[in-house]
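For reference, the chains in residue letters:
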Amino acid sequence: MALASFLLLQATAAVFFVGDAASELFQDPGEPHSVFEGLVSVALIVGVAVGIWQLRVTLARMAAQERALETARGSLADVIDAQFAAWKLTPAERDVGLFALKGLDVAQIAEIRGAAAGTVRAQLTRIYAKAGVSGRAQFAAWFVEDLLQAGLEMELPERQRA
């Protein structure tokens, strides 16, 4: 938005200077001041063109990053679903596991699920046992590490993967 505002200001200045330089060049074509204003006008026009190009490049990059983020979100959800199925988590354990991955504590999970905190703690213990981890940090790290590893493999050239 800032770049677009700057471009609008620059374009307005360019229109003013082009009009001013053109009128002075027609009145007195050999005057150094008029020639200088003409050159400044050309520089402003080039600056506006480069600014527009940079704005387009920036917007394209932002769109690509947003698509990558959406892909990563979808990939993480797929990884979580597949792993929960591999660990044979019950539907209740899946819910508790997702809430734990989102960073909710035992009391918050219990409140959302309408369960006792002890029940949620027991479910988390079973989830961690099925996952082969010792706690919440290792549980969350398991998914992040898996997603990052998949992303790194996609970026590496074939000869570096072996």
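Anyway, here's the lowdown on the structure attached to this text. Note that the coordinates shown come from a computational prediction; the quantities given were computed from them, not determined experimentally.

## Side note on the overall build of the protein chain
Broken down by element type, the protein chain carries seven helices and zero strands. Reading the protein chain from its N end, one meets helices and strands in the order α-α-α-α-α-α-α. Counting the 162 residues in the protein chain, one finds 22% classified as buried. A separation of at least 24 residues holds for 56% of the contacts in the protein chain among residues at least 6 apart in sequence. Carbon and sulfur atoms provide 65% of the accessible area of the protein chain, an area that totals close to 10,900 Å².

## Concerning the nonpolar core
Of all hydrophobic cores here, the largest spans 19 residues; its most connected members are Phe 84, Trp 87, Val 120, Leu 124, Ile 127, Phe 139 and Phe 143. Elements represented by at least two residues in this core include exactly α2 (32–86), α3 (91–101), α4 (106–113), α5 (117–131) and α6 (136–155). Of the residues forming this core, the biggest block, five residues, is contributed by α5.

## Topic: the environment of Met 1
Looking at the element boundaries, Met 1 is found in the segment before α1 (2–27). For Met 1, a relative accessible area of 81% corresponds to the exposed category. With 54 residues separating them along the chain, Met 1 and Leu 55 place their C-alpha atoms 9.3 Å apart.

## Looking at a nonpolar patch on the surface
On the surface, Val 42, Val 46, Val 50 and Trp 53 cluster together into a nonpolar patch covering about 390 Å² of accessible area. When you line up the elements, Val 46 lands in helix α2. Note on Val 46: relative accessible area 47%, which makes it partly exposed.

## Observations concerning the packing of aromatic side chains
Per the stated rule, a full pass over the model turns up five aromatic pairs. With a centroid separation of 6.3 Å and 35° between ring planes, the pair formed by Phe 84 and Trp 87 is classed as tilted. Across this residue pair, the class does not change: Phe 84 and Trp 87 are buried. Site record: aromatic cluster; members linked through ring pairs are Phe 84, Trp 87, Tyr 128, Phe 139 and Trp 142.

## Section: the packing of α3 against α5
Helix packing for two helices is described by the angle between their axes and how far apart those axes are. As a packed pair, α3 and α5 sit with axes 9 Å apart at the nearest point and diverge in direction by 90°. Judged by the inter-axis angle, α3 sits roughly perpendicular to α5. Across the interface between the two elements, Ala 92, Glu 93, Val 96, Gly 97 and Ala 100 from α3 touch Val 120, Gln 123, Leu 124, Arg 126, Ile 127 and Lys 130 from α5. Residue classes in the contact of α3 with α5 are distributed as six nonpolar, two polar and three charged.

## Here's the deal with the packing of α4 against α5
It is the contact of α4 with α5, at a shortest axis distance of 8 Å, that shows an interaxial angle of 110°. The angle between the axes of α4 and α5 places the two elements in the roughly perpendicular class. Between α4 and α5 lies a crossing of right-handed hand. Of α5, the residues touching α4 (which contributes Val 106, Ile 109, Ala 110 and Arg 113) are Ala 117, Val 120, Arg 121, Gln 123 and Leu 124.

## Some words on the pattern of salt bridges
In the structure shown here, the tally under the stated rule is three salt bridges. Among the ionic pairs, Glu 93 bridges to Lys 130, the shortest N-O distance being 2.7 Å. Here the residue Glu 93 occupies a position in helix α3, and Lys 130 occupies one in helix α5, the gap between them amounting to 37 residues. Residue classification places Glu 93 among the buried positions, given a relative accessible area of 2%. A single salt-bridge network, built from bridges that share partners, covers Glu 93, Arg 126 and Lys 130.

Calculation notes
- Residues numbered from 1 in each chain as written.
- Predicted model: local features only at pLDDT ≥ 70, side-chain atom pairs only at ≥ 80, totals over all residues.
- Heavy atoms only, no water.
- Helix = DSSP H or I, 4+ residues; strand = E, 2+ residues; numbered from the N terminus.
- Buried < 20%, exposed > 50% of the residue type's maximum accessible area, 1.4 Å probe, protein only.
- Contact = heavy atoms within 4.5 Å.
- Areas by Shrake-Rupley, 256 points an atom, 1.4 Å probe, with all protein chains shown as cover.
- Core = buried A, V, L, I, M, F, W, Y, C linked by side-chain atoms within 4.5 Å.
- Patch = residues over 30% accessible without salt bridge, like charges linked within 9 Å, V, L, I, M, F, W, Y side chains within 5 Å.
- Salt bridge = Lys/Arg side-chain N within 4 Å of Asp/Glu carboxyl O.
- Phe/Tyr/Trp six-rings, centres within 6.5 Å; stacked < 30°, edge-to-face > 60°.
- Axes fitted to C-alpha atoms, helices over the stretch in contact; angles between N-to-C directions.
- Parallel < 35°, antiparallel > 145°, perpendicular 65-115°, else oblique.
- Nonpolar A, V, L, I, M, F, W, Y, C, P; charged D, E, K, R; others polar.
- Left-handed = near helix turned anticlockwise from the far one by under 90°.

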